[in-house]
Amino acid sequence: MYIFRPMNIISFLLTALLTACSGNPNSTSQDLIANASTEQGARTISEVEFKTLVMDFVNNPEEWVFKGEIPAIINFYADWCPPCRRLAPIFDALAREYTGRVNFYKVNVDHSRTLATFFGARSVPTLMFARMNGLPAIQPGFMTREQLIHAIETFLLENE
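Undergrad: Can you explain the pairing of strand S5 (residues 126–130)? Please cite residues and give values.
TA: Summarising burial for S5: 5 of the 5 residues are buried, a large majority. With burial as the criterion, each face of S5 is covered, one bearing Thr126, Met128 and Ala130 and the other bearing Leu127 and Phe129. Here 5 bridges tie strand S3 (residues 72–77) to S5, and the two strands are oriented antiparallel to one another. Note on S5: the bridge partner recorded for Phe76 is Thr126. One ladder, built from 4 bridges, connects S5 with strand S6 (residues 137–140); its direction is antiparallel. Within S6, the position partnered with Met128 by the bridge is Ile138.

This is the structure we're talking about:
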């Protein structure tokens, strides 16, 4: 895991260029809002919801200010990604297990390219662990259920 630092402009532009070549151009943020659900586990959120629930990366890009009331894990994923599809049921099950203690959000990188680029989600899945105090940690790649539980208990809920 590494701690988030605002990206420099060259990295931002390079990542934007790379991510601009993939995805479904007909999808909108309204599709994400319509698909948001906590009953089945993790909640899919749009860039607009991210700014309200996690961090306003548009109006406050230089400083991490967490807006959540409890810690959160954000899964940057893509529908076409096999490791993302393997992670999805684990992520949803943990979302149900940690209800009220940790929020679990999903961000589709093909629908939210600006957000994925801002946080450096160059590969999918990429997980961001946002704790109540301090900077978030970002972990690219698939994590097992046991690895996720360890990260939740030691990084997000360490002072509970």
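Undergrad: Tell me about unusual backbone geometry, and please be specific about residues and values.
TA: Both trends apply: most residues other than glycine have a negative phi, and most peptide bonds are in trans. Val124 connects to Pro125 through a cis peptide bond whose omega is -5°. Mapping Pro125 onto the fold places it in the loop between helix H5 (113–118) and S5.

Undergrad: Any chance you could break down helix H4 (residues 82–97) for me, citing the residues and the numbers?
TA: For H4, spanning 16 residues, the distance from its first C-alpha to its last is 24 Å, which sits close to the expected 22 Å at 1.5 Å a residue. Every buried residue of H4 is accounted for by Cys84, Leu87, Ile90, Phe91, Asp92, Leu94 and Ala95. If you follow the buried residues of H4, they end up packed against S3, strand S4 (103–108), S5 and helix H6 (145–156).

Undergrad: Any details on the packing of aromatic side chains? Residues and values, ideally.
TA: For any pair of aromatic rings, the description rests on two quantities: the centre-to-centre distance and the angle between the ring planes. By the definition in use, this model includes 10 aromatic pairs. In this structure an aromatic cluster arises from ring pairing among Phe50, Phe57, Trp64, Phe66, Phe76, Phe118 and Phe119. The side chain of Arg86 reaches across the aromatic face of Phe142, ending 4.1 Å from its centre. Lying across the ring of Tyr77, Lys106 places its NZ or CZ 6.0 Å from the centre.

Undergrad: Explain the side chain of Asn108 to me, and be specific about the residues and the numbers.
TA: Note that Asn108 resides in strand S4. A polar side-chain atom of Asn108 sits 2.8 Å from the main-chain amide nitrogen of Asp110.

Undergrad: Provide a residue-level description of the confidence of the model for the chain, including the pertinent values.
TA: On average, residues of the chain score 83 in pLDDT, and 74% of them reach the 70 mark or higher. Low pLDDT, under 50, characterises residues 7–38; the stretch is placed with 39 contacts to residues that sit more than four places away or in other chains.

Undergrad: Describe the nonpolar core, with residues and values.
TA: Judged by nonpolar contacts, the single largest core of 26 residues is most densely connected at Phe50, Val54, Ile74, Phe76 and Phe119. Secondary-structure elements contributing two or more residues to this core are S3, S4, H5 and S5. Here this core takes 4 residues from S3, the largest share from any one element. Contacts of Val54, omitting those with residues within four sequence positions, involve Ile45, Glu49, Trp64, Val65, Phe66, Lys67, Gly68, Ile74 and Tyr105. Ranked by size, the runner-up nonpolar core spans 20 residues in total, among them Ile73, Val102, Ala151 and Ile152.

Calculation notes
- Going along each chain's sequence as written, the residues are numbered from 1 onward.
- Restriction of local features to residues with pLDDT of at least 70 applies here, the model being predicted, together with a cutoff of 80 or more for giving and counting side-chain atom pairs; totals for whole chains, interfaces and linings are based on all residues.
- Hydrogens and waters are ignored; side-chain quantities use all the structure's heavy atoms.
- Throughout this description, buried means an accessible area under 20% of the type-specific maximum (1.4 Å probe, protein chains only), exposed means over 50%, and partly exposed covers the range between.
- Strands are runs of DSSP state E lasting at least 2 residues, helices are runs of H or I lasting at least 4, and numbering of each runs from the N terminus.
- Paired strands, in this sense, are two strands between which DSSP finds at least two bridges.
- Multiplying one less than the number of residues by 1.5 Å gives the expected span of a helix.
- Contacts: residue pairs with any heavy atoms within 4.5 Å of one another.
- Here a Phe, Tyr or Trp ring, Trp counted by its six-membered ring, pairs with any other such ring whose centre lies within 6.5 Å, and the pair is stacked when the planes are under 30 degrees apart, edge-to-face when over 60, and tilted otherwise.
- In our convention, an over-ring charge means Lys NZ or Arg CZ found within 6 Å of a ring centre and within 35 degrees of that ring's normal.
- Contacts described as polar in this section are N or O atom pairs within 3.5 Å, which, within protein, must combine one atom able to donate a hydrogen with one able to accept it, while residues neighboring in sequence count only if both atoms come from side chains.
- Per residue, pLDDT measures the predictor's confidence, with a range of 0 to 100.
- The criterion is simple. A nonpolar core is a set of buried Ala, Val, Leu, Ile, Met, Phe, Trp, Tyr and Cys residues joined through side-chain atoms within 4.5 Å.

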